[in-house]
Structures are given as structure tokens and as C-alpha cells.
Amino acid sequence: MMPPFRNGRNVCLALLLKPRPLCRTRRPVWLLCLGICAFTCQTASTADATSFSNAFSWNLHLSLDGADNFSGGVAPGAVGNATGKAGFAFNSARAGWWPGGRLVTEFLAIQNSSPENYVGDIQGVNNLTGLSRGALYKLYYRQNIGNATLRAGLISANDYFDTSGVASQFLNVSYGFTPTIGVNVPAASSYPFSSLGVMGSYGADGWTAMGGVFEGDAIHPLRNPYERGDMIFLEADRSGSLDGGRYTLKVGAWQNSQLPQYQSALGNDTSGLYSIGEYRWKQAGMTWGANYGQVHYLSTCQNPATARKTAVSICPLKWIV
């Protein structure tokens, strides 16, 4: 049985996901990857072989963690989880082409043994890895143009919007989208899911402005993506130095728009605001960080199944060190 709350996702994920083999991927995804490889190989003949080889960087990451419940909770017991990522990035400048271009591809595989069945937590432990699944997680193109950056493709919106960089070093999705988004928009683009989208950012003098539009069903990102609603994000960040450390302040807004026939599963029309504060400093050769404030507001509680949880967390203030 799924826990009642995983950043608001588990309420609807049981209805949206069916058991599937861990690494089953739809044919259109493989055809898309093969097309990219074919295009890359064809254009390789026009560039110097050494430069072209240097344009690739490879990524292989494996995380293993264990949880042992000694007493209390639901039941005593120990389990292990595994998360693997593999992919590559292609840098157009290193290939001798145009500057600022980068193609990113990443596959994600998760094996989750459900430590929440032993611990009985509300949000913490069961967010370490997410649901067991295997899928293409990232496939997007990024272009830098001066102080501006554009991205388009298969992207996890929570990599850039409403994210706390300090806290996410530990529990990842547990400090990803807050319950105001997760409860009311269970199919939002956040780990371990991603969606088709386009976003842009511009930074200057310690300020960064970002905006993005993402499809409304990140659980099935390639299933009729133009007929599954959309989610819009706007965010402004301010970074600077303070008392020997670095601070970051974030203020953002989001709006989810969904077709009536999908609202019961993917989330109704709703919107909200959020703000996050972070501070990092060094002491005795160690790097420290504090997430010193998160405030979130939801315009209306749209999900009746989770109304009680949402009402409690409309404006939570979290102090985490």
C-alpha cells in the first residue's frame, strides 16, 4: 500500500501508474534517440575528429542507500534502495560549431524498496528515491546567448523552479515541489518525472529572472503532450554576499491549466506563490548551508481528496539547518 503523502503525489499516482517492467521505454523515445545519433554521426564528417570527440561528456551515477527501523514506526526491518543515472552531453563549441550550444540526454532507473512501510513517515524517508521505474529522464537542448539561456525538450521543471539547493543535497524530492503544488498538481514536472517544455532565463548583477511552460502530464510526457494541459512558472532570484557567506532569495508564481476530462487525475485549474531563502558559508574548512525560510501560498484548494493536508500547508514556514 502506498503511503498517503509523497509531496502530494501518491494520492493520484496509484491511479495513473500501472505495474511495468523497470526499464520499459516506448518506441517513439528510442526512435527519437536514434534520430539524434544519426544526425550527430552525419554531421561529424564536417568537423575535426578530435574536436568532435572532445565535445562529448559522459555521465554515470549510482546511489545506494539503506534504511533500518529499529523501533517505533510501522514495523522493525531494513530495506535498500538504488538509483542509477546514465547519459551524455554534447557541447557544440567544443565540436568546432557554434558557441553556447549543449544537448543533454539522461536515462533514469530507480529500484525502491519502500522504507515507508517500516518507518511510517509522512514525507521524509519515502522521498529518497521515488517510485520504481526506468525511463528517459532528460532530453533537451540548451543555448546560451550572452546573459540569456534557453532550454527546450524533455525537462524536469523542479530542477530550476521552486527548488531549494541547500536542502535538496540530502533528501532530493522531499525538498522538491512543495505540498501546495504536489498535492494539487500530482502530475507536475518534478523528480522522478519530467515533461516536454520550453524555458528561458536571464541573469545580471546578482539578479536572475526565469520563465517556463511545461506540459501538464509529466507522468506520461509523450502521450498526447499537446492535449494534457500546461503549467507555467515565473521566478525571480537575488544572490549576493552577506557576512562572509552567500545568500539566495527566490520569489515565484505558478499556474496550472488542465482540460476538464483530465482534472480528476492530473489536477484542476489552480495557481500559487512561493518564496525560498538560502544561505551558504564556510567554517573550519567545511561548507555549511541553511534553508532559512520557505513560504508558500495556494489560491484555492482544488483537490477534495487532499483538502485537509492542503489547508494545513497553504503557508508553511520551514526552518531547516
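Not measured: the values here are computed from a predicted model. (Residues numbered from 1 in each chain as written. Predicted model: local features only at pLDDT ≥ 70, side-chain atom pairs only at ≥ 80, totals over all residues. Heavy atoms only, no water.)

*Asks:* Could you clarify how one ought to interpret the overall build of the chain in this entry?
*Replies:* Looking only at helices and strands, one finds eight helices and 11 strands in the chain. Burial analysis of the chain (321 residues in total) assigns 46% to the buried set. Counting only contacts in the chain whose residues sit at least 6 apart along the sequence, the fraction spanning at least 24 positions is 62%. (Helix = DSSP H or I, 4+ residues; strand = E, 2+ residues; numbered from the N terminus. Buried < 20%, exposed > 50% of the residue type's maximum accessible area, 1.4 Å probe, protein only. Contact = heavy atoms within 4.5 Å.)

*Asks:* What exactly am I supposed to notice about the pattern of salt bridges here?
*Replies:* Once the charged atoms of two side chains with opposite charge are near each other, the side chains can pair. All chains considered together, the criterion is met by four salt bridges. As a salt-bridge pair, Asp217 and Arg228 come within 3.2 Å of each other at their nearest N and O atoms. With a gap of 11 residues between them, Asp217 in the loop between strand E7 (207-215) and strand E8 (230-242) and Arg228 in the loop between E7 and E8 connect regions that are remote in the sequence. Across the pair, Arg228 and Asp217 agree in class, each one buried. Taken together, the shared-partner salt bridges connect Lys250, Glu278 and Arg280 into one network. (Salt bridge = Lys/Arg side-chain N within 4 Å of Asp/Glu carboxyl O.)

*Asks:* What am I meant to see in unusual backbone geometry here?
*Replies:* Peptide bonds are mostly trans, and most non-glycine residues show a negative phi. Here the bond from Tyr191 into Pro192 is cis, since omega is 5 degrees, no more than 30 degrees from zero. Within the secondary structure layout, Pro192 lies in the loop between helix H6 (179-182) and strand E6 (195-204). Phi is positive for Ser114, close to 60 degrees, though the residue is something other than glycine. Structurally, Ser114 is set in the loop between strand E3 (101-111) and helix H4 (116-119).

*Asks:* Teacher, can you tell me more about the confidence of the model for the chain here?
*Replies:* The predicted structure's coordinates, where accompanied by low pLDDT, should not be read in detail. On average, residues of the chain score 76 in pLDDT, and 69% of them reach the 70 mark or higher. Considering only residues more than four positions removed or in separate chains, one finds that residues 1-26, a stretch of pLDDT under 50, has 73 contacts. Here residues 303-321 is a poorly scored stretch, pLDDT under 50, and it has 38 contacts once near neighbours within four places are set aside; other chains count. (pLDDT = per-residue confidence, 0-100.)

*Asks:* Sorry if this is basic, but what is going on with the packing of aromatic side chains here?
*Replies:* Given two aromatic rings, their pairing is described by the distance between the two centres and the angle made by the two planes. Applying the stated criterion across every chain, the model contains 11 aromatic pairs. Between Trp58 and Phe88, the ring centres sit 5.5 Å apart and the planes meet at 50 degrees, which makes this aromatic pair tilted. On the criterion of sequence distance, the pair formed by Trp58 in strand E1 (residues 56-69) and Phe88 in strand E2 (residues 77-91) is long-range, its members being 30 residues apart. The class for Trp58 is exposed, based on a relative accessible area of 68%. When the ring of Phe214 is compared with that of Phe233, the centres are 6.1 Å apart and the planes differ by 75 degrees; the resulting orientation is edge-to-face. Here Phe214 is found in strand E7, whereas its partner Phe233 is found in strand E8, with 19 residues between them in sequence. Neither residue differs from the other here; Phe214 and Phe233 are each classed as buried. A network of ring pairs unites the aromatic residues Phe56, Trp58, Phe88, Phe90, Trp97 and Trp98 as a single cluster. For Arg228, the ring lying beneath its charged end belongs to Tyr262, and the centroid distance is 4.4 Å. (Phe/Tyr/Trp six-rings, centres within 6.5 Å; stacked < 30°, edge-to-face > 60°. Lys NZ or Arg CZ within 6 Å of the ring centre and 35° of its normal.)

*Asks:* Would you explain a nonpolar patch on the surface in this entry?
*Replies:* Where nonpolar side chains cluster on the molecular surface, the patch consists of Val198, Val213, Ile232 and Leu234 and spans about 320 Å² of accessible area. With respect to the element layout, Ile232 can be found in strand E8. (Patch = residues over 30% accessible without salt bridge, like charges linked within 9 Å, V, L, I, M, F, W, Y side chains within 5 Å. Areas by Shrake-Rupley, 256 points an atom, 1.4 Å probe, with all protein chains shown as cover.)

*Asks:* Even after reading the chapter, I still don't get the environment of Arg142, so can you show me in this structure?
*Replies:* Mapping Arg142 onto the fold places it in strand E4 (residues 133-145). Separated by 51 residues in the primary sequence, Arg142 and Asn91 place their C-alpha atoms 9.7 Å from one another. When residues no more than four places from it in sequence are discounted, the contact partners of Arg142 are Gly100, Gly101, Arg102, Thr149, Leu150 and Arg151.

*Asks:* What am I meant to see in the environment of Arg228 here?
*Replies:* Owing to a relative accessible area of 10%, Arg228 belongs among the buried residues under this scheme. A sequence separation of 13 residues divides Arg228 from Glu215, and the C-alpha atoms of the two residues are 6.5 Å apart. Residues in contact with Arg228, not counting those within four places in the same chain, are Gly216, Asp217, Arg223, Gln258, Tyr262 and Leu266.

*Asks:* Whenever I open this one, the nonpolar core confuses me. Can you help?
*Replies:* Nonpolar side chains in soluble globular proteins generally cluster together in the buried interior. Residues Phe161, Ile181, Phe233 and Trp254 are the most contacted members of the largest nonpolar core, which totals 19 residues. Contacts of Phe161, omitting those with residues within four sequence positions, involve Phe177, Met199, Met210, Gly211, Gly212, Phe214, Phe233, Glu235 and Tyr274. Listed in part, the six residues of the second largest apolar core include Leu131, Phe193, Ala218 and Ile219. (Core = buried A, V, L, I, M, F, W, Y, C linked by side-chain atoms within 4.5 Å.)

*Asks:* Teacher, can you tell me more about the pairing of strand E9 (residues 245-257) here?
*Replies:* Successive side chains on a regular strand alternate, one facing one side of the sheet and the next facing the other. Bridge analysis of E8 against E9 gives 13 bridges, and the strand direction is antiparallel. The residue of E9 that forms the bridge with Gly240 is Tyr247. Note that E9 and strand E10 (residues 270-283) share 11 bridges and pair antiparallel. The residue bridging Trp254 from the neighbouring strand is Gly272, located in E10. (Pairing = 2+ DSSP bridges.)

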